[in-house]
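# Descriptive analysis of the structure
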Amino acid sequence: MYLIPAPAKLEKKEGRFIWAYDRYVTVDQSCSQLVTRQASLFCDGAEKELGYRPLLTRGAAKAGDVVFKQDDTMKAQSYVLDITEDAIVLTGDEAGLWHGMQTLLQIIEQEGACLSALHIEDAPAIVNRGYYFDCTRGRIPKLSWLKQLADRMAYYKLNQLQLYVEHSYLFRGMTELWRDDTPLTAEEIMEFDRYCAERGIELVPSLSSFGHLYKLLCSREYSHLCELEDSEGKPFSQTGRMAHHTINTSDPESLQLIEGMISEYMELFTSRQFNICADETFDLGRGRNKEAVEKLGKDRVYINYVKKLAQFLLDNGRRPMFWGDIIVGFPGETEEQFQDTLSLVREVGYDSAFTFIYSPRTGTGAAKMPNQVPEDVSSRRIQELLKVQEECQKKAMARFIGTEEEVLVEGLSRRSDTDVSGHGLHGLSVTFPGTESDVGEIVRVKIVGAKNNTLTGERI
């Protein structure tokens, strides 16, 4: 038997459960209405494998039933599955029950109606398990295909999805942006958001807002907002599409335009997060922003614009996200360029960043490039970068000291049996005094301390 992802604990037992056509799936009274709807989705999936649809009801279970029970005192997203000769009992918190249903479906797919007796205990090692799908560069997927993607994600217990959008959403009054394509409509996005939510997936909006805005900045209406002049007159190339369509941050109209697009798009989602991307601004300072970059520096021009977008999202109750991948030691990187990187990291103040040291790979073009950075220099630079990022994380965490946070307790702390840990509304890990009885509860906590990756608190 192959289960993906592999459960934390699986014990095989003697006997088999025979799933006859007259078996009931009973949703216990403890379960939310969301779990009831998800149980119907489970029956849809089981029917495809069994050839007949399990009977579904809600209330008190009877002998031989397949029973779903909700227990919100359990660890977040956890479940326990027991298959015996006489019954199947699945217990978990709300999210955990849905994950347990997927495990049961995977077992049915492999064993049909004769299920091996077993005991499974499972909970995710990673709270947020996401997939980032580019629906801009290439064919724009239909809603029906996106729903299939969500179904497959749910089957493997992924719980966050972002769709990368440049021109693949039908913005109102911006026909030049999408007229040559078949963009997703507002109604389709809202329907897909509901579809994902019912399958335990947070659909997070992701919109290009700074670099490679090819379709937008090649239009007659908005080409004057491109960093490089005559953007609408240049012939198409894949390299040009990616590298030469950065928005002109010096023009107030640019911020007004992008904020308007964000404002329209974010209201279609139930998620309170928003990814502005803000990556690959290769042309910044090479055209209309040249004077500003010479005066302020490229890092400051970049940061000023990103901060305005981030503040706009915060003012509208959203948590801003943008790309934070940083590599050091790429062939040709000068000490001045590396210092610019450090300056950018200090100014942005990333909550977290993905940092890498470049390593030449045999057979790649970069391995043959001149001006390879010596290994000892690259090693020094990555250590300096990590130190700066660590300070940024400390400052980012410290701003929460003195605030109050509602924390979903996920389990006992790994470092102390007298503490519990969980995550607050800002997605940060919080540790505070507690016992195993707190697991699954939402506890109001005052933040009193901060470490690199964890906040410490006191129960209010």
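See above for the structure.
Residues numbered from 1 in each chain as written. Predicted model: local features only at pLDDT ≥ 70, side-chain atom pairs only at ≥ 80, totals over all residues. Heavy atoms only, no water.

## Focus on the pairing of strand β17 (residues 429–433)
Of all five residues in β17, four are buried; the element is thus mostly enclosed. Note that strand β16 (residues 419–423) and β17 share five bridges and pair antiparallel. Bridging from a neighbouring strand, G422 pairs with V430 of β17. Note: β17 against strand β19 (residues 454–459), three bridges, orientation parallel. Of the residues in β19, the one forming a bridge with T431 is T456. (Buried < 20%, exposed > 50% of the residue type's maximum accessible area, 1.4 Å probe, protein only. Helix = DSSP H or I, 4+ residues; strand = E, 2+ residues; numbered from the N terminus. Pairing = 2+ DSSP bridges.)

## A word on the packing of helix α10 (residues 298–315) against helix α11 (residues 335–348)
Where α10 meets α11, the closest approach of the two axes is 10 Å, and the angle between their N-to-C directions is 25°. Judged on the interaxial angle alone, α11 and α10 are roughly parallel. The hand of the α10/α11 crossing is right-handed. Across from D299, R300, Y302, I303 and K307 in α10, the residues of α11 making contact are S343, L344, E347 and V348. Residues belonging to the contact of α10 with α11 are distributed by class as follows: four nonpolar, one polar and four charged. (Axes fitted to C-alpha atoms, helices over the stretch in contact; angles between N-to-C directions. Parallel < 35°, antiparallel > 145°, perpendicular 65-115°, else oblique. Left-handed = near helix turned anticlockwise from the far one by under 90°. Contact = heavy atoms within 4.5 Å. Nonpolar A, V, L, I, M, F, W, Y, C, P; charged D, E, K, R; others polar.)

## Re the pairing of strand β11 (residues 273–277)
In summary, the side chains of a regular strand alternate between the two faces of the sheet. Across the five residues that make up β11, a large majority, five, are buried. In β11, alternate side chains face the same way, and those of Q273, N275 and C277 on one face and F274 and I276 on the other are all buried. As paired elements, β11 and strand β12 (residues 319–322) share four bridges and run parallel to each other. Following the sheet pairing, F274 is matched in β12 by P320.

## Details of a nonpolar patch on the surface
Taken together, the side chains of I327, F330, F354, F356 and M369 make up a nonpolar region of the molecular surface, amounting to roughly 480 Å² of accessible area. Checked against the element boundaries, M369 lands in the loop between β14 (354–357) and α12 (375–398). (Patch = residues over 30% accessible without salt bridge, like charges linked within 9 Å, V, L, I, M, F, W, Y side chains within 5 Å. Areas by Shrake-Rupley, 256 points an atom, 1.4 Å probe, with all protein chains shown as cover. Salt bridge = Lys/Arg side-chain N within 4 Å of Asp/Glu carboxyl O.)

## Quick look at the pattern of salt bridges
Going through the model one piece at a time under the given rule, you end up with 25 salt bridges. We note a salt bridge from E198 to R37, for which the minimum N-O separation is 2.9 Å. With E198 in helix α5 (residues 186–198) and R37 in helix α1 (residues 33–50), this residue pair connects regions lying 161 residues apart in the sequence. On the basis of relative accessible area, E198 is assigned to the partly exposed category, the value being 22%. Given a relative accessible area of 42%, R37 falls into the partly exposed group. One connected set of salt bridges, linked through shared partners, spans E333, E335, R380, R381 and E384.

## Focus: unusual backbone geometry
Cis geometry marks the peptide bond from I4 to P5; its omega dihedral reads -5°. With respect to the helices and strands, the residue P5 is situated in the segment before β1 (9–18). With a phi angle near 65°, Q77 is a residue other than glycine that sits in the positive phi range. Of note, Q77 is situated in the loop between β4 (66–70) and β5 (79–83). Although it is not a glycine, A278 sits at a positive phi angle of roughly 60°. Mapped onto the fold, A278 is located in the loop between β11 and α9 (290–296). A278 sits in the buried class, given a relative accessible area of 3%.

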